[in-house]
Amino acid sequence: METVQESLPEKDASVEASVAAPLAPSTPLRARHSLPPKGSCWYCEKPLDSVRRFCGKECADGFDEEAEFTR
Ligand SMILES: [Zn+2]
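This one's a predicted model, so the numbers in the text were calculated from it and none came from an experiment. (Residues numbered from 1 in each chain as written. Predicted model: local features only at pLDDT ≥ 70, side-chain atom pairs only at ≥ 80, totals over all residues.)

Peer 1: Can you help me understand the overall build of the protein in this one?
Peer 2: For the protein, the count of helices and strands is 2 helices and 0 strands. Considering the protein as a whole, with its 71 residues, one finds that 6% of them fall into the buried category. (Helix = DSSP H or I, 4+ residues; strand = E, 2+ residues; numbered from the N terminus. Buried ≥ 20, exposed ≤ 12 C-beta atoms within 10 Å, placed from the backbone.)

Here is the structure:
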């Protein structure tokens with residue numbers, strides 16, 4: 001009667017937990033945050049200055065919604 005099998009699952013579980021915990025992101029990046037400004041609104045193509053991606057919050061939200069549907 002050996003008890004080797006009982007100790008193995010215990011080790012595996014502790015290793016998995018310590019590896020997985022720090023890698024889990026609590027707030028995933030929105031699609032629009034990885035876009036470069038292109039001089040016009042990414043959603044409605046309205047001309048903008050060179051640092052903005054969207055002309056307003058509504059366009060940013062609309063773009064996010066579309067990005068989630070097309071993922
Ligand atoms: Zn817009």
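Picking up where we left off.
Peer 1: What is the right way to read unusual backbone geometry from this model?
Peer 2: Of all residues except glycine, most have a negative phi; of all peptide bonds, most are trans. Non-glycine residue Glu45 carries a positive phi angle of around 65 degrees. The topology assignment puts Glu45 in the loop between helix H1 (4-23) and helix H2 (57-70).

Peer 1: Before we go on, may I ask you to explain the environment of Asp64 in this structure?
Peer 2: Mapping Asp64 onto the fold places it in helix H2. Exposure remark for Asp64: the 16 C-beta atoms within 10 Å place this residue in the partly exposed category. A sequence separation of 33 residues divides Asp64 from Ala31, and the C-alpha atoms of the two residues are 6.4 Å apart. The contact partners of Asp64, leaving out residues within four places of it in the chain, are Arg30, Ala31 and Arg32. (Contact = placed C-beta atoms within 7 Å.)

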